[in-house]
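Structural overview for review
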Amino acid sequence: MTAEQSLPLTPAQESDLDAASDEVYVEAADDLIGKTTGLDLAALLTLALIAALFNVLSPALRADSPLGQAFTSDSLRRVVTLILGFLALTLFVGENAGRTTQRSPLRLIAGAVLAIYTLYVASYVFLGLEIATDTILPTLIEIAALLSVIVLWQPWRRLSVYQKAAPNLLPALLTFISVLAIWEFLIRLFNVQQFLLPAPSVIITTFLAGYPRLVSQGWFTFQNALWGFGIGCGAGILFGLISARFNNFSKAILPYAIAANSIPIIAFAPITNAWFGITHPESKITIVAILTFFPAMINTVRGLTSAEPTALELMRSLAATELDIFRKVRIPVALPYIFNALKVATTLSMIGAIVAEYFGGPLSGLGVQISSSAALIRFPLVWSQIIMASLLGIIFYFVVSLAERLVMPWHVSFRAKSD
């Protein structure tokens, strides 16, 4: 049969094709970020957060340092503290997630110190307790926390891991450096003006000079992305669970889900602005929820219906109830699909939140600032804002990837690389 004579795809086949393309995207991203080097990235991010939170704890740095000024938002401080606690748990569990191995006393002490530091930060961030913040105590406890991270990380024992990861990471790193070098060289060679295309050195200088404001703008937009992600993915997983259990419900809802997913963002944004108001965050959250709903629903349905028939027959032969089958067979099989959807949704949520702000919103939003800066031909600032959006998306993706490792350490993709 020729390509011209091929039959059109059914909606279910199109959904499977979309899910398959999502899996390819996630696998490529995992190879770049590195499932193998996830612990190393977690350790580096933890060190960065401890350094940033020190500027929050110290009263002098809180008001005068750029990092202290960047973390003035109470909601941002709380989320960063929660991420710190999550990363501390990830480092303590390490590569032995899901195993009953006995940890060394040194790791137990380092984990306890890191937990105490996290609680100390949380006492200020959540409760407003100034426990000797104007003394040398924040410095001492920060140094102890940094040493604890290194003890839990133990990079000197991971040289073999780095050797295995180098073939995947080195080409991407060399390509990135080469593109920046060629970009800088061509800008200087042809004397391209900044209002057309700024040089990387100019962009980096602009980013470093204004990153406190960029962090504030990025956090404002990221909150909309986070809420939309939670609502859209939560609803998608819920509808996926119902659709996998009741076929008639799936047949009824799937066409509408496909139709909603096919509509561009620019068509939804003016409508949601009219419904909720341009300056209200609900208009942007709705856009993000619509974007993330479809991948979560399709991947959940596909995962729940991918259980091996032999496994289902074995459970039924053992007089297992449908709830037992759902809990012990279908959910473990569906978890990789669900996390693939969540990781794809992290990038979709940032895209939706930023693009939704192009049609109007508070001036503190990242999308609004990108649009206005581009209109004023301030392209070094525009590129700096794009970098901030990219960093937030990467961190969001990475946190979900770490959650996947903690939730399903038994999966073959993690066992094969950590053994």
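Placed above this text is the structure.
Residues numbered from 1 in each chain as written. Predicted model: local features only at pLDDT ≥ 70, side-chain atom pairs only at ≥ 80, totals over all residues. Heavy atoms only, no water.

Once that is clear, we can look at the packing of helix 8 (residues 159-190) against helix 9 (residues 200-245). Contact pair helix 8 / helix 9: the axes reach a minimum separation of 8 Å and the direction vectors enclose 105 degrees. In terms of their interaxial angle, helix 8 and helix 9 are classed as roughly perpendicular. Contacts between helix 8 and helix 9 pair Leu180, Trp183, Glu184 and Arg188 from the former with Pro200, Ser201 and Ile203 from the latter. (Axes fitted to C-alpha atoms, helices over the stretch in contact; angles between N-to-C directions. Helix = DSSP H or I, 4+ residues; strand = E, 2+ residues; numbered from the N terminus. Parallel < 35°, antiparallel > 145°, perpendicular 65-115°, else oblique. Contact = heavy atoms within 4.5 Å.)

For serine 75, the location among the structural elements is in helix 5 (residues 74-93). According to the relative accessible area criterion, serine 75 is partly exposed, its value standing at 26%. Along the sequence, serine 75 and glutamine 223 sit 148 residues apart, while their C-alpha atoms lie 9.1 Å from each other. Beyond its immediate chain neighbours, meaning those up to four positions away, serine 75 contacts Trp219 and Gln223. Within polar-contact distance, the side chain of serine 75 engages the side chain of tryptophan 219 at 2.8 Å. (Buried < 20%, exposed > 50% of the residue type's maximum accessible area, 1.4 Å probe, protein only. Polar contact = N/O pair within 3.5 Å; in protein donor to acceptor, adjacent residues only side chain to side chain.)

Applying the stated criterion to the full structure yields six aromatic pairs. Geometrically, the ring pair formed by phenylalanine 239 and phenylalanine 293 is edge-to-face, given 5.5 Å between the ring centres and 80 degrees between the ring planes. One end of the pair, phenylalanine 239, is in helix 9; the other, phenylalanine 293, is in helix 12 (residues 281-304), and 54 residues separate them in sequence. Grouping aromatic residues by their ring pairs yields a cluster made of Trp219, Phe222, Phe229 and Phe396. (Phe/Tyr/Trp six-rings, centres within 6.5 Å; stacked < 30°, edge-to-face > 60°.)

Under the counting rule described, the total for this entry stands at six salt bridges. Across the pair glutamate 130 and arginine 62 runs a salt bridge, and its minimum N-O distance is 3.2 Å. Separated by 68 residues along the polypeptide, glutamate 130 in the loop between helix 6 (105-125) and helix 7 (137-153) and arginine 62 in helix 3 (residues 59-64) bring together distant segments of the chain. Classification of glutamate 130 by relative accessible area gives partly exposed; the value is 42%. Assessed through its relative accessible area of 17%, arginine 62 is described here as buried. Glutamate 184 is the salt-bridge partner of arginine 188, the closest N and O atoms lying 2.8 Å from each other. Highlighted residues: arginine 188 and glutamate 184, both in helix 8, separated by four residues, approximately one helical turn. Given a relative accessible area of 61%, arginine 188 falls into the exposed group. Given a relative accessible area of 14%, glutamate 184 falls into the buried group. (Salt bridge = Lys/Arg side-chain N within 4 Å of Asp/Glu carboxyl O.)

A word on unusual backbone geometry. One non-glycine residue, asparagine 191, lies in positive phi territory at about 55 degrees. Position of asparagine 191 among the secondary structure elements: in the loop between helix 8 and helix 9. Look at asparagine 191 and you get exposed, because its relative accessible area is 56%. With phi around 60 degrees, isoleucine 377 is a residue other than glycine that occupies positive phi space. Examined against the element boundaries, isoleucine 377 turns out to sit in the loop between helix 15 (366-375) and helix 16 (379-407). A residue is classified by how much of its surface remains accessible, and isoleucine 377, at 46% relative accessible area, is partly exposed.

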